[in-house]
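What follows is the residue order along each chain.
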Amino acid sequence: MINLLEELAGVRNTRVWRSVFRAGSGESNLHRSLAVQQNVFLHLASVKVRRRALEVGVTWYLGTLSLGGFLILVVTGILLMLYYHPSVPQAYADMKDLQFVVSAGVFLRNLHRWSAHAMVLLVFAHMFKVFYRGAYRPPREFNWVIGVVLLMVTLFLSYTGYLLPWDQLAFWAITVGSNILAAVPLLGAKIRFLILGGHTVNANALLRFYVLHCVILPLIAVLFLAVHFWRIRKDGGLYIGEKTNE
Amino acid sequence: MPDQMKKPDSGTGPCVECNRRAFTKAGVGAIAIAGAGSAVFGYEFLSPNVLYEPSPIVDAGKPDRYPPDSVTPDPQSGIYIVHGPEGIYTLSAVCTHLGCLTAWKPELGIIACPCHGSKFHTNGVKIEGPAPRPLPWLRTWVDDDGNLLIDRSEPLARKQFVRI
């Protein structure tokens, strides 16, 4: 076991390894912080966390669970894209093929659907937890705003994904939803026309919702997620409450 | 501006500031013009110029297909062709609430929306429900071949009947 760790330390001190991860081996706090700070992905997170912040009661891990839902949705969504054509009426047939013909298709589709429902639920629960614990207060007020943007992105992702099966429920839900959008003063009808790419929910609308759902909204989500996690570190770590905040 | 920048003492004189300011102004101006242009092009690009949507004019066939005291739904076109005591007229079947397709209920003699429960008389007047307006009347006429035509693009301001 010790030999294995020594071997690993040897690998971490090679030129190739250190060209990728500049902090070589080392057990000191400095080395460990450098390893985190010098990694573009890890640097979003804190080098150190308080033990109390890892307890279930503080967060119920709702933010992490929301991220977990998002990651499941990205993986299953990309796989579903391999069998789905965003065209009329092929989209409906592809959805049915995923359910009855494609191996593991029904599993992936249901995993995508249930994870989407779960993510909306978890994001709301996360926001309620943050709100009722007062974790939105300064210095974390900007991260709350980022969180509101992420809630909106989650809801838009949910809404745009709803049209893609191209069944009766999808068609009428988007008809109703886009007519609600048309209630915006002055610009409503124009916004509806641009979103649908026409006057009715049709092939253009399906394609626009597909591009929004699979490209634009996920990119926005990833961007804001990165800022959201980085701000946790910048705002002094997770909020752990007044009494134990020493 | 490039001539001034070539001056050897431009690094220390007050002219550096004006050069910097002029450069910033030109840069911001260029970005603003590019931004406005992109917004216009983006808006134009996102607005389709050709739509492959069904024509708003519906050919409903010969008027004698619609006997007196009848309501004939055409869900594909989203209309009801009604032959009442005063003549034939056409109602839009699209609910004025949020755009769902309403349904003719012959057993009740009313039109009802499945989405949020609006109910209408066969003359379009609202009985109850969230719908803000009556079902619109659509322009209906008979062409030279004797076919009933309906224009779905605009609601009629005043009631019109086709009498055969």
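Just above sits the structure.
Since the structure is predicted, the reported quantities are computational estimates derived from the model, not experimental observations.

Asks: Would you take a moment to explain the overall build of chain B for this structure?
Replies: Within chain B, the regular secondary structure consists of 2 helices and 10 strands. From first element to last, N terminus to C terminus, chain B shows the α and β order α-α-β-β-β-β-β-β-β-β-β-β. Each of the 164 residues in chain B was classed as buried or not, and the buried ones make up 21%. A sequence separation of at least 24 residues applies to 35% of the contacts in chain B between residues at least 6 apart.

Asks: How should the overall build of chain A be read in this particular structure?
Replies: When you go through chain A residue by residue, the secondary structure sums to 11 helices and 0 strands. Taken from the N to the C terminus, the helices and strands of chain A come in the order α-α-α-α-α-α-α-α-α-α-α. Since a compact globule built from 246 residues should have a radius of gyration of about 18 Å, the 23 Å found for chain A marks it as more spread out than a globular shape. Overall size of chain A, expressed as C-alpha extent along the three principal axes, is 65 × 45 × 30 Å.

Asks: What should I look at first to understand the sheet that holds strand E7 (residues 119–120) of chain B in this one?
Replies: Where strands meet in a sheet, backbone hydrogen bonds hold them as pairs that are either parallel or antiparallel. All names here are of chain B. The strand order across the open sheet built from 4 strands is E5-E6-E7-E8, with neighbouring strands paired in antiparallel fashion. Edge positions in the sheet fall to strand E5 (103–105) and strand E8 (126–128), since each of these pairs with one other strand and no more. Judged from the 2 bridges that link them, strand E6 (residues 110–112) and E7 form a sheet pairing that is antiparallel. Following the sheet pairing, alanine 112 is matched in E7 by lysine 119.

Asks: How do you make sense of the nonpolar core when you look at a structure like this?
Replies: Grouped burial of nonpolar side chains is what soluble globular proteins tend to show. In this structure, Ile79, Tyr80, Ile81 and Leu91 of chain B are the most contacted members of the largest nonpolar core, which totals 22 residues. For this core, the element with the highest residue contribution is strand E3 (residues 79–84) of chain B, accounting for 4 residues. When neighbours within four sequence positions are excluded, isoleucine 79 of chain B is seen to be in contact with Val58, Asp74, Thr90, Leu91, Ser92, Ala93, Leu138, Ile150 and Arg152 of chain B. Within the second largest apolar cluster, 18 residues are counted, among which are Tyr84, Met95, Ala170 and Leu196 of chain A.

Asks: I'm lost on the environment of glycine 63 of chain A in this one. Help?
Replies: Residues and elements named next belong to chain A. Mapped onto the elements, glycine 63 comes out in helix H5 (residues 62–81). The exposure class assigned to glycine 63 is buried, which follows from the 22 C-beta atoms found within 10 Å. Considered as a pair, glycine 63 and phenylalanine 124 are 61 residues apart in the sequence and their alpha carbons are 10.0 Å apart.

Asks: Would you take a moment to explain the interface of chain A and chain B for this structure?
Replies: Often the size quoted for an interface is simply the accessible area lost on bringing the parts together. Counting from both sides, the interface comprises 12 residues of chain A and, opposite them, 9 residues of chain B. Top element by residues in the side of chain A that touches chain B is helix H9 (residues 168–181) of chain A. It accounts for 5 residues. The residue makeup of the side of chain A that touches chain B, split by class, is 4 nonpolar, 8 polar and no charged.

Asks: Before we go on, may I ask you to explain the pairing of strand E9 (residues 137–142) of chain B in this structure?
Replies: Remember that side chains alternate between the two faces of the sheet whenever the strand is regular. Residues and elements named next belong to chain B. Inspection of the sheet shows strand E4 (residues 87–92) paired to E9 by 2 bridges, in the antiparallel sense. Each residue of the ladder has a partner; that of leucine 91, found in E9, is tryptophan 137. Both E9 and strand E10 (residues 148–155) contribute to a ladder of 5 bridges, which runs antiparallel. When the sheet's bridge partners are listed, arginine 139 is paired in E10 with aspartate 151. Connecting the antiparallel pair E9 and E10 is a turn made up of 5 residues, with glycine 146 showing a positive phi of about 85 degrees.

Asks: Where do I start with the sheet that holds E3 of chain B in this structure?
Replies: All names here are of chain B. Here we have 6 strands laid out as an open sheet, ordered E1-E10-E9-E4-E3-E2, and antiparallel in their pairing. The open sheet has two edge strands, strand E1 (57–59) and strand E2 (70–74), and neither has a second partner. Strand-to-strand twist across the sheet, computed as the mean angle between neighbouring axes with direction ignored, equals 25 degrees.

Asks: Looking at this structure, I do not really get the packing of H5 of chain A against helix H7 (residues 105–133) of chain A. What am I missing?
Replies: Helix-helix packing is characterised by the crossing angle of the two axes and by the distance between the axes. Residues and elements named next belong to chain A. At a closest axis distance of 8 Å, the pairing of H5 and H7 adopts a crossing angle of 155 degrees. One element, H5, and the other, H7, form an angle in the roughly antiparallel class. Of the two possible hands of crossing, H5 and H7 adopt the one that is left-handed. When the residues that make up the contact of H5 with H7 are grouped by side-chain class, the tally is 15 nonpolar, 8 polar and 2 charged.

Asks: I keep staring at the environment of alanine 32 of chain B and nothing clicks. Help me out?
Replies: By the element assignment, alanine 32 of chain B lies in helix H2 (residues 15–46). C-alpha of alanine 32 of chain B to C-alpha of alanine 22 of chain B: the two residues are 10 residues apart in sequence and 15 Å apart in space.

The rules we used
- Residues numbered from 1 in each chain as written.
- Chains lettered and ligands numbered in written order.
- Predicted model: local features only at pLDDT ≥ 70, side-chain atom pairs only at ≥ 80, totals over all residues.
- Helix = DSSP H or I, 4+ residues; strand = E, 2+ residues; numbered from the N terminus.
- Buried ≥ 20, exposed ≤ 12 C-beta atoms within 10 Å, placed from the backbone.
- Contact = placed C-beta atoms within 7 Å.
- Rg over C-alpha atoms; globule rule 2.2 N^0.38 Å.
- Pairing = 2+ DSSP bridges.
- Core = buried A, V, L, I, M, F, W, Y, C linked by C-beta atoms within 7 Å.
- Nonpolar A, V, L, I, M, F, W, Y, C, P; charged D, E, K, R; others polar.
- Axes fitted to C-alpha atoms, helices over the stretch in contact; angles between N-to-C directions.
- Parallel < 35°, antiparallel > 145°, perpendicular 65-115°, else oblique.
- Left-handed = near helix turned anticlockwise from the far one by under 90°.

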